Amino acid sequence: MNNKYFNKKIILSNYPVGLSKKDDFSVIAEEIDPLNDNDILIKTKYVGIDAALRLLLRDSDDFLFRVKKDDLIRGSIVGEVIESKNPKFSEGDYVLGSLGVQKYCVSTGEDIEKCDLSLANPELWLSGMGIPGLTAYFSLLDVCKPSPDKNVLITGAAGAVGSIAGQIAKLAGSKVIGTTSSDEKCKWLIEELGYDYAINYKNKDWFEKLSSVSDKRLDIIFDNTGGHVMDESLKIIGMKGIVLLCGSTSQYSENEIKGPNNYIWLGTMRARLQGFVIFDYEDRYEEARINLSKWLNEEKLKMPTHLVEGDIDKFPEIFEDLYKGKNYGKFVLKLKD
Ligand SMILES: NC(=O)c1ccc[n+]([C@@H]2O[C@H](COP(=O)([O-])OP(=O)(O)OC[C@H]3O[C@@H](n4cnc5c(N)ncnc54)[C@H](OP(=O)(O)O)[C@@H]3O)[C@@H](O)[C@H]2O)c1
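Parameters and conventions
Residues numbered from 1 in each chain as written. Predicted model: local features only at pLDDT ≥ 70, side-chain atom pairs only at ≥ 80, totals over all residues. Helix = DSSP H or I, 4+ residues; strand = E, 2+ residues; numbered from the N terminus. Rg over C-alpha atoms; globule rule 2.2 N^0.38 Å. Buried ≥ 20, exposed ≤ 12 C-beta atoms within 10 Å, placed from the backbone. Contact = placed C-beta atoms within 7 Å. Core = buried A, V, L, I, M, F, W, Y, C linked by C-beta atoms within 7 Å. Domains from an automatic or database assignment. Pairing = 2+ DSSP bridges. Axes fitted to C-alpha atoms, helices over the stretch in contact; angles between N-to-C directions.

**Things to note about the overall build of the chain**
Step number 1: A tally of helices and strands in the chain yields 9 helices and 15 strands.
Step number 2: Here the C-alpha radius of gyration of the chain, 20 Å, is about what a compact globule of 337 residues would show, namely 20 Å.
Step number 3: With the C-alpha coordinates aligned to their principal axes, the bounding extent of the chain is approximately 65 × 45 × 35 Å.
Step number 4: In the chain, which comprises 337 residues, the proportion classed as buried is 42%.
Step number 5: Restricting the contact set of the chain to residue pairs at least 6 apart, pairs at least 24 apart contribute 67%.

Structure, rendered in structure tokens:
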């Protein structure tokens with residue numbers, strides 16, 4: 001190993017107020033130290049843009065994995081091993097890990113996993129084969145249990161998790177309704193992903209539309225966004241329904257996080273709010289990936305991956321765009337060689 005590699009990493013320079021801005025981040029460059037025994041040097045190829053990151057950028061110790069000022073921005077990457085002093089990894093292997101937003105990463109091998117490229121292409125390891133796909137798979141199939149007689153609402157339907165969740169609920173035979181922020185995205189959900197209905201939640205009459213297409217009853221609310229869409233939807237939760245708390249994207253940039261007002265319907269309808277964290281399923285990722293890849297190859301499932309090409313310094317702009325809803329599926333920064 002010599003010092004021919006110079007890293008570029010994104011760090012936090014200010015705690016964002018509201019939506020994050022370019023100035024909240026800085027780029028620093030540094031030389032990479034020689035590898036120690038067991039170390040692996042990875043060249044980042046793809047960076048996943050995660051909505052949950054905004055929650056970690058708050059100036060508060062309330063949430064795990066917080067990013068403080070001057071810390072490396074957290075994020076999942078897929079990269080190629082370019083040097084290895086670890087017998088378990090060879091040059092040319094593709095790996096996945098939560099290694100942060102940077103051009104090169106050094107790992108001891110404990111915090112990464114090899115991408116089996118016979119199952120799916122590298123970039124899909126951040127979307128359908130990565131945390132979004134695994135989250136959709138286990139939270140739906142293990143917890144929500146969709147079936148042909150059920151009406152399923154997916155909020156944040158066109159995002160990384162939502163775009164897979166809706167398709168899995170369709171595979172289970174359910175009637176699937178999605179909410180998203182534009183008519184174009186609604187069209188995409190129906191025409192590309194097979195959603196039965198898609199509703200633009202920015203339209204005034206969105207709730208009337210939702211009530212009419214769901215026959216006034218929702219068995220499963222798969223909630224990625226929280227906020228007023230989830231809150232209003234509780235009014236039409238069905239008997240013994242489930243509200244899966246996957247995420248609360250609408251709240252992550254808010255000073256004060258607000259919960260739903262309409263919880264009273266849960267009591268009346270014997271329904272439940274159910275929390276979920278994907279990391280509880282780590283020992284079953286392989287099983288899910290085999291099934292997800294099988295569906296992909298049989299063309300039963302798409303793994304929407306919204307690739308934008310650029311250097312690592314493009315990250316702040318794309319993160320801002322994620323919160324403006326510009327992504328169709330998983331937003332991924334593909335690093336230029
Ligand atoms: N529980 C778990 O283990 C787990 C694992 C992974 C992710 N998650 C959670 O799942 C959720 C979705 O994550 P993701 O990675 O798939 O992100 P994503 O949905 O791909 O991206 C964020 C989307 O949120 C929507 N959005 C932005 N601001 C909003 C607002 N104010 N109100 C409503 N929607 C807004 C936008 O879509 P529109 O154009 O539709 O508005 C945007 O495209 C996040 O809350 C994340 O924390 C949970």
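The structure having been displayed, the exposition proceeds.
**Some details on helix α2 (residues 131-144)**
Step number 1: Counted residue by residue, α2 has 10 buried out of 14 residues, so it is predominantly covered.
Step number 2: Three or more residues of α2 are buried, namely I131, P132, G133, L134, T135, A136, Y137, S139, L140 and C144.
Step number 3: Summarising the contacts, the buried residues of α2 are in contact with α3 (160-171), β11 (218-223), β12 (237-245), α8 (285-297) and β15 (330-335).
Step number 4: One or two positions beyond α2, positive phi appears at K145, with a value near 50°.

**Some words on the nonpolar core**
Step number 1: Judged by nonpolar contacts, the single largest core of 83 residues is most densely connected at A165, I221 and F222.
Step number 2: Each of domain 1 (6-127 + 304-335) and domain 2 (131-279) gives at least three residues to this core.
Step number 3: Filtering out sequence-adjacent residues up to four positions away, I221 remains in contact with L153, M230, S233, I237, V243 and L244.

**Considering the sheet that holds β11**
Step number 1: Ordered in space as β10-β9-β8-β11-β12-β13, the 6 strands form an open sheet in which the pairing is parallel. Strand pairing shows two members of the sheet lacking a second neighbour, β10 (197-200) and β13 (272-275), which therefore form its edges. With direction set aside, neighbouring strand axes in the sheet form an average angle of 20°.
Step number 2: Inspection of the sheet shows strand β8 (residues 151-154) paired to strand β9 (residues 175-180) by 4 bridges, in the parallel sense.

**Remarks on the domain arrangement of the chain**
Step number 1: Domain parsing of the chain yields domain 1 (6-127 + 304-335) and domain 2 (131-279).
Step number 2: Summarising the inter-unit geometry, the C-alpha centres of domain 1 and domain 2 are found 28 Å apart.
Step number 3: Contact residues are listed per partner, giving 15 residues for domain 1 and 14 residues for domain 2.

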